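Inside the fold
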Amino acid sequence: QKEVEQDPGPLSVPEGAIVSLNCTYSNSAFQYFMWYRQYSRKGPELLMYTYSSGNKEDGRFTAQVDKSSKYISLFIRDSQPSDSATYLCAMSASGNNRLAFGKGNQVVVIP
Amino acid sequence: DGGITQSPKYLFRKEGQNVTLSCEQNLNHDAMYWYRQDPGQGLRLIYYSQIVNDFQKGDIAEGYSVSREKKESFPLTVTSAQKNPTAFYLCASSIIGGGVVGAFFGQGTRLTVV
C-alpha cells in the first residue's frame, strides 16, 4: 500500500460547481497536511496547510483532515476556469523532513 | 522577491552526457529537495539536504548526484547512468520545524534526451 493514495482521474466540472478532492493515507504519524496547486508546465504552489485534524477555510477553499479515518479533503466553492489545474495532496510527520505526495488530480472547470 | 529559481527552464541532453540543473533560493531555508515528475507518477524524491555539506538519497537517487556547498544552492547532476532522464525536475525548499511545514517549489526544469 502506498503511503498516500490520490485518485489521479481527471475531474471536469461546470463553472460555479463545487470541486471535491480527497486523499487517503496509511501512516498514522502524519500530522502536517498540505494541498498544492500546479498549473501546466509550472511548479506546484502551496494552497492550503493544516496541522492535525480539523477544518481550515481560505476564501473559496476549504481543507479538511480526519485523522481517525486517515482521510483529507479539499473543497473548492464557486469554481472558476482559473481553478483548472492539477491538485496534489502532501503530508509529513513531526520530526521527519520528507513530504509524501499523492499523484495529483487534474481538474478542469468548464466555462 | 524571495523565492526559488531553477535554471534553465528547458534542457536538452545527448545520450551519454552529464547535465547539471541549477537551484537557488533566497528564503533562508535550511532544507532543499529535488523531485522528479513524470506523467501519472506524481512527485518522486531524488535527493534532499537539511544542512550545508550534507544530503540524503531519496527514493530514486540512482543516476543522480547533488552537492550542497552553500545554503542557497543545491545543484542536481543527471549523469549518464540515469537511463531514462527525460522528465520535469522540481527543486523545493522548506524550513525545518516539527515536520515539513510547507515546501516551496521552483518553476521546474524540463529535461529532454535527444
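Reading guide: rules and limits
- Within every chain, residues take consecutive numbers counted from 1 along the sequence as written.
- Both sets of labels track the order of writing: A upward for chains, 1 upward for ligands.
- In keeping with the predicted nature of the model, local features appear solely for residues at pLDDT of at least 70, side-chain atom pairs appear and are counted solely at 80 or more, and the whole-chain, interface and lining totals rest on all residues.
- In computing side-chain properties, one takes all heavy atoms of the structure into account and sets aside hydrogens as well as water.
- Secondary structure elements follow DSSP: runs of H or I of four or more residues count as helices, runs of E of two or more count as strands, with numbering from the N terminus.
- To get the radius of gyration, use the C-alpha atoms; to get the globule rule, take the number of residues to the power 0.38 and multiply by 2.2 Å.
- In this scheme, a residue with accessible area under 20% of its type's maximum is buried, one over 50% is exposed, and one in between is partly exposed, where area comes from a 1.4 Å probe on protein chains only.
- Whether two residues touch is decided by their heavy atoms; if any such pair falls within 4.5 Å, the residues are in contact.
- His is not counted, nor are the chain ends, whereas Lys and Arg count as positive and Asp and Glu as negative.
- Charged side chains are reduced to one point each, which is NZ for Lys, CZ for Arg, CG for Asp and CD for Glu.
- For any pair of parts, buried area is found by adding up, for both, the accessible area (1.4 Å probe) each one loses once the two are put together.
- Every case where a carboxyl oxygen of Asp or Glu lies within 4 Å of a side-chain nitrogen of Lys or Arg is listed as a salt bridge.
- Polar contacts here mean pairs of N or O atoms no more than 3.5 Å apart (in protein, one a potential hydrogen donor and the other a potential acceptor; neighbouring residues in sequence count only if both atoms are side-chain atoms).
- Whenever a pair of cysteine sulfur atoms sits within 2.5 Å, that pair is classed as a disulfide.
- Pairing between strands requires that DSSP locate at least two bridges from one strand to the other.
- Lines fitted to the C-alpha atoms define the axes, with helices restricted to the stretch that makes contact. Angles between their N-to-C directions range from 0 to 180 degrees.
- Note on patches: the residues involved have over 30% relative accessible area and no salt bridge, like charges join within 9 Å, and the nonpolar side chains Val, Leu, Ile, Met, Phe, Trp and Tyr join within 5 Å.
- Each accessible area value is a Shrake-Rupley result obtained with a 1.4 Å probe; residue values ignore everything except the protein chains displayed when judging cover.
- Working definition: a ring pair exists when centres of Phe, Tyr or Trp rings (six-membered ring for Trp) sit within 6.5 Å. Plane angles under 30 degrees give stacked, over 60 give edge-to-face, the rest tilted.
- In this scheme, the term charge over a ring applies when either NZ of a lysine or CZ of an arginine sits within 6 Å of the ring centre and within 35 degrees of the ring normal.

**Examining the overall build of chain B**
Summing up its helical and strand segments, chain B has zero helices and eleven strands in all. Its C-alpha atoms give chain B a radius of gyration of 13 Å, near enough to 13 Å, the size a compact globule of 114 residues would have. Taken along the three principal axes of its C-alpha coordinates, chain B extends 40 × 30 × 30 Å. A total of 114 residues make up chain B; the buried ones form 49% of that total. Counted over contacts in chain B with a minimum sequence separation of 6, partners at least 24 positions apart contribute 52%. Across chain B, the centroid of the 11 positively charged side chains sits 7 Å from that of the 10 negatively charged ones.

**Focus: the interface of chain A and chain B**
The interface of chain A with chain B comprises 22 residues on the first partner and 29 residues on the second. Around 2000 Å² of area is buried between chain A and chain B when both sides are counted, 53% of it from carbon and sulfur atoms. Summed over the three residues of chain A that lose the most area to chain B, namely Arg41(A), Asn97(A) and Arg98(A), the buried surface amounts to 35% of that side. Connecting chain A to chain B are one salt bridge. The salt bridge involving Arg98(A) is made with Asp59(B); its shortest N-O contact spans 2.8 Å. Counting across the chain A and chain B interface gives three residue pairs in polar contact (both at pLDDT 80 or more). Contributing elements (two or more residues each) for the side of chain A that touches chain B: strand E4 (30-38), strand E5 (45-51) and strand E9 (85-93) of chain A. With four residues, the top contributor of residues to the side of chain A that touches chain B is E4(A).

**A closer look at the state of the cysteines**
Residues and elements named next belong to chain A. The final tally for this structure, using the stated rule, is two disulfides over all chains. Between the sulfur atoms of Cys 23 and its disulfide mate Cys 89 the distance is 2.0 Å. Measuring the twist about the S-S bond at about -105°, one finds the Cys 23-Cys 89 disulfide to be left-handed. Taken together, the residues span a long stretch of sequence, with Cys 23 in strand E3 (residues 19-25) and Cys 89 in strand E9 at a distance of 66 residues.

**A few points about the sheet that holds strand E8 (residues 76-78) of chain B**
Residue and element names in this part refer to chain B. What the four strands build is an open sheet, ordered E1-E3-E8-E7; its pairing is antiparallel. Edge positions in the sheet fall to strand E1 (4-7) and strand E7 (64-66), since each of these pairs with one other strand and no more. Strand-to-strand, the axes of this sheet are offset by a mean angle of 20°, without reference to chain direction. The pairing of E7 with E8 spans three bridges and is classified as antiparallel. Looking at the pairing, Ser 65 lines up with Thr 77 of E8.

**Description of the side chain of Thr50(A)**
Within the secondary structure, Thr50(A) is located in strand E5. Not counting chain neighbours up to four residues away, the residues in contact with Thr50(A) comprise Gln31(A), Tyr32(A), Phe33(A), Lys56(A), Ala63(A) and Val65(A).

**Overview of a nonpolar patch on the surface**
On the surface, Tyr10(B), Phe12(B) and Val114(B) cluster together into a nonpolar patch covering about 340 Å² of accessible area. With respect to the helices, strands and loops of the structure, Val114(B) is situated in the segment after strand E11 (109-113).

**Describing the packing of aromatic side chains**
Any aromatic ring pair is given by two values, namely how distant the centres are and how the planes are angled relative to each other. Using the criterion set out here, one finds 13 aromatic pairs over all chains in the structure. Consider the rings of Tyr25(A) and Phe30(A), whose centres lie 5.8 Å apart with planes at 55°: the pair is tilted. There is no split in this pair, since Tyr25(A) and Phe30(A) are both buried. Taking 5.7 Å as the distance between ring centres and 45° as the angle between the ring planes, the aromatic pair formed by Tyr35(B) and Phe105(B) counts as tilted. Of the two residues, Tyr35(B) sits in strand E4 (residues 31-38) while Phe105(B) sits in strand E10 (residues 104-105), which places them 70 residues apart along the sequence. Here Tyr35(B) matches Phe105(B) in class, with each residue buried. Joined through ring pairs, the aromatic side chains of Tyr36(A), Phe101(A), Tyr33(B), Tyr35(B), Tyr48(B) and Phe105(B) make up one cluster. Its guanidinium or amino end placed over the ring of Phe74(B), Arg68(B) lies 6.0 Å from that ring's centre, counting from NZ or CZ.

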